[in-house]
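Residues per chain are reported as follows:
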2 protein chains.
Amino acid sequence: MRKIEVIQNILEANESIATQNQCLLDKHKVFAINIMSSPGAGKTSLILQTIAKLKNKLRIAVVEGDVASTLDAERVKNEAVAVVQITTRYMSENCTLIANMISHALQSLPLKDIDLLLIENVGNLICPSEFILGEHKRVVISSLPEGDDKPTKYPMIFADADAVIINKLDLLPYLDFDIPAFRHAAEGLNAKVKFFELSCKTGMGIENWCSWLLNEIKANSQKLI
Amino acid sequence: MRKIEVIQNILEANESIATQNQCLLDKHKVFAINIMSSPGAGKTSLILQTIAKLKNKLRIAVVEGDVASTLDAERVKNEAVAVVQITTRYMSENCTLIANMISHALQSLPLKDIDLLLIENVGNLICPSEFILGEHKRVVISSLPEGDDKPTKYPMIFADADAVIINKLDLLPYLDFDIPAFRHAAEGLNAKVKFFELSCKTGMGIENWCSWLLNEIKANSQKLI
């Protein structure tokens, strides 16, 4: 029983820090999204495409969560207003970002100069589902080469997502991926989820995703007034 | 400090159960491999191809580890001598198989009728690196669509692997994946690792992988005499 209690305590503490993070973000009118996926599904590419599309309208900062390396932060650093790298390899929770890591990151970000914070979680479809960070929206990327059975096999992360991005659509001709079956399985877990079918490589579909994001930011800022 | 102690205890207990598992496997001359990868990299497809190629030479059983669903066990059940499904969703360690789960699985497998046990781990490049199961060899599958930077971003799982399988080679014409750079990064972590470049979809390269497996099984059985 001791171990279960410890885990329960971690989750409760995480939730409380996440609430504080969201308070701080709202105070500075920063909208935050938590981007989750398997390794290599396209989190960094989505961030780069989103910045390219929206940088004239929004001041965008990025938190890069990685087990090791700063490869993704290097790719993003010239595009974003600010980038914070979190490397989890030597932390006891190394398989996901947790709210406490974001709390530290927020302290080193110029919050008054940021409208949108894109948080790239560690590549993992399991652990990030248990830890909220203080984000306003949770986004899961599922890429076609991973197969259309992912919602059935990793249900928790899809059940809590606000949006699911189906990425690498440019590879559809070369793969057996049943998009309606995938959407049906994800909707079975989460009737309100929004879907975006796109390719971060070609840019196809990025427009729709960015429109949704702008609407959500607007809706949140109206709620705060 | 309390939490770190608990985690340390879990890892030590896991190692001791893993040693018992390997003892039991060796007693029955069962060779076990632990197959790890991101979600959708091709673990089940590799198992199906391996069984197809080796079923006339070896009696093969499978342990299927999944967060949720029995989809993979359904795909494998008509091909293997025996299949055990482990569903981790409601377990406190739900992000990886651990030695204790394998200990239970071994109790329900007909060990005297098995030569090779293929253990399909949960789709995750992080947590499985910390937990040995009692396997003789550790195999990581990395598929081309995930990108060639995975050894740098998830070093722990590559550092401990005996073999790395580069899967989905059929997609190479449609992707930017630098195979020499990938191999170089993995070798930097692990100079002794064996590489297999293959496609579970077309069957290309499966022969080499199965030859290596047969040699390793033979080498292990000679060690046991």
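Residues numbered from 1 in each chain as written. Chains lettered and ligands numbered in written order. Predicted model: local features only at pLDDT ≥ 70, side-chain atom pairs only at ≥ 80, totals over all residues.

(A) Up close: the overall build of chain A. Secondary structure summary: chain A contains 8 helices and 7 strands in total. Over its C-alpha atoms chain A spans a radius of gyration of 17 Å, differing by no more than 12% from the 17 Å that the globule rule assigns to 225 residues. Principal axes of the C-alpha set define a box for chain A whose edges measure 50 × 45 × 35 Å. (Helix = DSSP H or I, 4+ residues; strand = E, 2+ residues; numbered from the N terminus. Rg over C-alpha atoms; globule rule 2.2 N^0.38 Å.)

(B) Spatial organisation of the sheet that holds strand β1 (residues 31–37) of chain B. Residue and element names in this part refer to chain B. The sheet built from 7 strands is open, its strands ordered β3-β2-β4-β1-β5-β6-β7 with parallel pairing. Only two strands of the sheet have a single partner each, and these edge strands are β3 (82–87) and β7 (194–197). Strand-to-strand twist in this sheet, taken as the mean axis angle between neighbours without regard to direction, amounts to 20°. Together, β2 (60–66), β3 and β4 (116–120) form the strand contacts of helix α4 (residues 99–107), whose direction differs from that of β3 by roughly 145°. Contacts from helix α8 (residues 206–224) reach β1, β4, β5 (137–143), β6 (163–167) and β7 within the one sheet, and its direction differs from that of β7 by about 150°. (Pairing = 2+ DSSP bridges. Axes fitted to C-alpha atoms, helices over the stretch in contact; angles between N-to-C directions. Contact = placed C-beta atoms within 7 Å.)

(C) Highlighting the relation of the copies chain A and chain B. Mapping chain A onto chain B is achieved by rotating through 180° and translating by 0.0 Å along the same axis, at an RMSD of 0.0 Å. Read as a symmetry element, the transformation amounts to a two-fold axis. Taken as a fraction of all interface residues of chain A, those also at the interface in chain B reach 100%, which identifies the copy contact as same-surface. (Least-squares fit on C-alpha atoms with pLDDT ≥ 70 in both.)

(D) Examining the pairing of β1(B) more closely. Residue and element names in this part refer to chain B. Of all 7 residues that make up β1, 7 are buried, and the element is covered over most of its length. Residues F31, I33, I35 and S37 line one face of β1 and the alternating positions A32, N34 and M36 line the opposite face, and both faces are buried. Pairing geometry for β1 and β4, over 5 bridges, is parallel. When the bridges of β4 are listed, A32 appears paired with L117. Alignment of β1 against β5, held across 5 bridges, turns out to be parallel. (Buried ≥ 20, exposed ≤ 12 C-beta atoms within 10 Å, placed from the backbone.)

(E) Region of the structure containing the sheet that holds strand β1 (residues 31–37) of chain A. Residues and elements named next belong to chain A. An order of β3-β2-β4-β1-β5-β6-β7 is seen for the 7 strands of this open sheet, with the pairing classed as parallel. Unpaired on one side and paired on the other, β3 (82–87) and β7 (194–197) mark the two borders of the sheet. Across the sheet, the axes of successive neighbouring strands diverge by a mean angle of 20°, strand direction being ignored. Across the sheet, helix α4 (residues 99–107) touches β2 (60–66), β3 and β4 (116–120), and the angle it forms with β3 is around 145°. Sheet strands touched by helix α8 (residues 206–224): β1, β4, β5 (137–143), β6 (163–167) and β7. Its angle to β7, the strand with the most contacts, is close to 145°.

(F) Broad picture of the confidence of the model for chain A. With 97% of its residues at a pLDDT of at least 70, chain A reaches an overall mean of 95. As a predicted assembly, this complex carries a pTM of 0.95 together with an ipTM value of 0.92. (pLDDT = per-residue confidence, 0-100.)

(G) Structural view of the environment of L213(A). Within the secondary structure, L213(A) sits in helix α8. Along the primary structure L213(A) and L116(A) are separated by 97 residues, whereas in three dimensions their C-alpha atoms are 9.6 Å apart.

(H) The arrangement of unusual backbone geometry in detail. Located in the positive-phi region is K168(A), a residue other than glycine, with phi close to 65°. The topology assignment puts K168(A) in the loop between β6 and α7 (179–189). Not every positive phi belongs to a glycine, and S69(B) is a case in point at roughly 80°. Take S69(B): it is sitting in the loop between β2 and α3 (71–76).

(I) Just the pairing of β7(A), in detail. Pairing between β6(A) and β7(A): 4 bridges, direction parallel. Within the sheet, the bridge partner assigned to I165(A) lies in β7(A) and is F196(A).

(J) Representation of α4(A) in the model. Residues and elements named next belong to chain A. Among the residues making up α4, those that are buried are A99, M101, I102, A105 and L106. Looking straight down α4, one finds that the buried residues subtend no more than 155° of arc, so they occupy a single side. Away from its buried face by more than 90 degrees, α4 exposes H104 and Q107. (Arc of directions from axis to C-beta.)

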